[in-house]
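Listed here are the chains, written in short residue letters.
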Amino acid sequence: MKKVYLFILFIIALLAGCNKIEFSPIDHHHSFVASVNILQPSITFYDASKKLIAKWELDKAYTGAELIGQDQIILYGHQLDEAKIFQLSTGRQVGYIETGIGTTNAYYDKEEKLLFLTNSERNSVISYDSQFEELKELKLRNYPMSMSSNNGSLYVVNYKDTILSVIDIATLTVKDEWTIDKSSNGLLILPEMNQVWIGGHGEGSKPNQTIDVLDLETGKGINQLQASIMPIGFSRNENTIYVTNHGSNELCAFTVQGELLWKTEVGANPFVVTTFQDELVVAGYDDHTIYYLSGQSIQKSIETEKGPFQLLVREV
């Protein structure tokens, strides 16, 4: 009888071990740019020398990820009912959040040390503490998605609406609502200019080709910058703003004053650009390639897994 009991315990332990997911650990001292690939669900990590240091093959259809501090990453999916949090230095899962389906985006506020998830099924944003416990849920407009924060306020673009919600982080209440174009996507806050830059896809047969510049305090339109077709991805490096235009396969560079410096073709259907180790990195969604640029010039291209949709950067 004792042998049978021990055998059952062994089987239970074995099954538990089979269900436990662990990934290759990422050393604390490694700076990286990570490509979140959604057609072939995976995350590929590249170090400063552009060497692949780890590949996490994902078991579910995750559609996005966000770094939480320097050593954690949350994975979520629009059609998944939970998000999972992993520790980079061990590769092990350290938490999860029961989200229900509909998660559109995750944003981590480094100053407040709070995590925010937007949900298109409930049309809301939910805040979480450092232990991933839910703090509060706030109803918003139709299909909240793009997020950024500044000076105690969270800015949320409602993608299928004409409203940008300005939220007080401390109370998670709506402070203001600004009128924006429908299908707006991507935003960048320039505190020193007191501005918010907003991109978008456009509607119907008329694709958007401009970036709207709003006053950071009032939401009033103060400028409109001519970009290319469907500018949606933003990044900045000191005094230069970079914008991917996924409808024309172009990358644009602007000064913080809004002057167009240059534009160049890079990648097939690029959704995202970031800066890493004094270089620009662009992900081509349709050609499954990451491009490293110095200015307008492509220095190196790396074929990654299928559908690179996000780029995450950690510099240590």
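Report follows, based on the coordinates. (Residues numbered from 1 in each chain as written. Predicted model: local features only at pLDDT ≥ 70, side-chain atom pairs only at ≥ 80, totals over all residues. Heavy atoms only, no water.)

Turning next to the sheet that holds strand 9 (residues 114–119). The strand order across the open sheet formed by 4 strands is 8-9-10-11, and the pairing between neighbours is antiparallel. Edge positions in the sheet fall to strand 8 (103–109) and strand 11 (134–139), since each of these pairs with one other strand and no more. Here the strands of the sheet are splayed against their neighbours by 20° on average, with no regard to which way each runs. In this sheet, strand 10 (residues 124–128) lies alongside strand 9 in antiparallel orientation, the contact comprising 5 bridges. Of the residues in strand 10, the one forming a bridge with Leu115 is Tyr128. (Pairing = 2+ DSSP bridges. Helix = DSSP H or I, 4+ residues; strand = E, 2+ residues; numbered from the N terminus. Axes fitted to C-alpha atoms, helices over the stretch in contact; angles between N-to-C directions.)

What follows concerns the side chain of Asn105. Relative to the helices and strands, Asn105 resides in strand 8. Residue Asn105 is classed as buried on the basis of its relative accessible area, which comes to 14%. In terms of polar contacts, Asn105 uses its side chain to reach the backbone carbonyl oxygen of Met145, at 2.9 Å. Discounting chain neighbours no more than four positions away, the residues touching Asn105 are Tyr76, Phe116, Leu117, Thr118, Met145, Ser146 and Met147. (Buried < 20%, exposed > 50% of the residue type's maximum accessible area, 1.4 Å probe, protein only. Polar contact = N/O pair within 3.5 Å; in protein donor to acceptor, adjacent residues only side chain to side chain. Contact = heavy atoms within 4.5 Å.)

Moving on, we get to unusual backbone geometry. In this structure, Asn123 takes a positive phi of about 50° despite not being glycine. By the secondary structure assignment, Asn123 is in the loop between strand 9 and strand 10. A positive phi is found at Tyr143, a non-glycine position, where the angle reads about 65°.

Moving on: the sheet that holds strand 3 (residues 52–57). With antiparallel pairing, the 4 strands of this open sheet are ordered in space as 3-2-1-30. A strand with exactly one partner marks an edge of an open sheet, and here the two such strands are strand 3 and strand 30 (308–314). Strand after strand, the sheet turns through a mean of 15° between neighbouring axes, direction not considered. Of the pairings in the sheet, the one linking strand 1 (residues 32–37) to strand 2 (residues 42–46) comprises 5 bridges and is antiparallel in character. Considered in strand 2, the bridge of Ser35 is made with Thr44.

On to the layout of surface pockets, then. In this structure, the second largest pocket occupies an estimated 150 Å³ of space. For the second largest pocket, the lining is made up of 14 residues, of which Thr179, Ile180, Leu214, Gly219 and Gly221 are closest to its centre. Those elements that place two or more of their residues in the lining of the second largest pocket are strand 15 (173–179), strand 20 (210–215) and strand 21 (221–226). Among the elements that line the lining of the second largest pocket, the one with the most residues is strand 20, at 3 residues. Here the residues of the lining of the second largest pocket sort into 5 nonpolar, 6 polar and 3 charged. (1 Å grid on protein atoms, 1.4 Å probe; cavity = no way out; pocket = protein on both sides within 12 Å on 5 of 7 lines; lining within 4 Å. Points joined across faces, edges and corners; volume = space filled by probe spheres on them. Nonpolar A, V, L, I, M, F, W, Y, C, P; charged D, E, K, R; others polar.)

Turning to the pairing of strand 20, a few remarks are in order. Burial runs high along strand 20: 6 of the 6 residues are buried. A two-sided burial pattern is seen for strand 20, the buried positions comprising Thr210, Asp212 and Leu214 on one face and Ile211, Val213 and Asp215 on the other. With 4 bridges joining them, strand 17 (residues 195–200) and strand 20 adopt antiparallel strand pairing. Paired with Val196 across the two strands is Leu214, which belongs to strand 20. Turn length for the strand 20-strand 21 hairpin, with the two strands adjacent in sequence and antiparallel, is 5 residues, and the turn residue Gly219 shows positive phi of about 80°.

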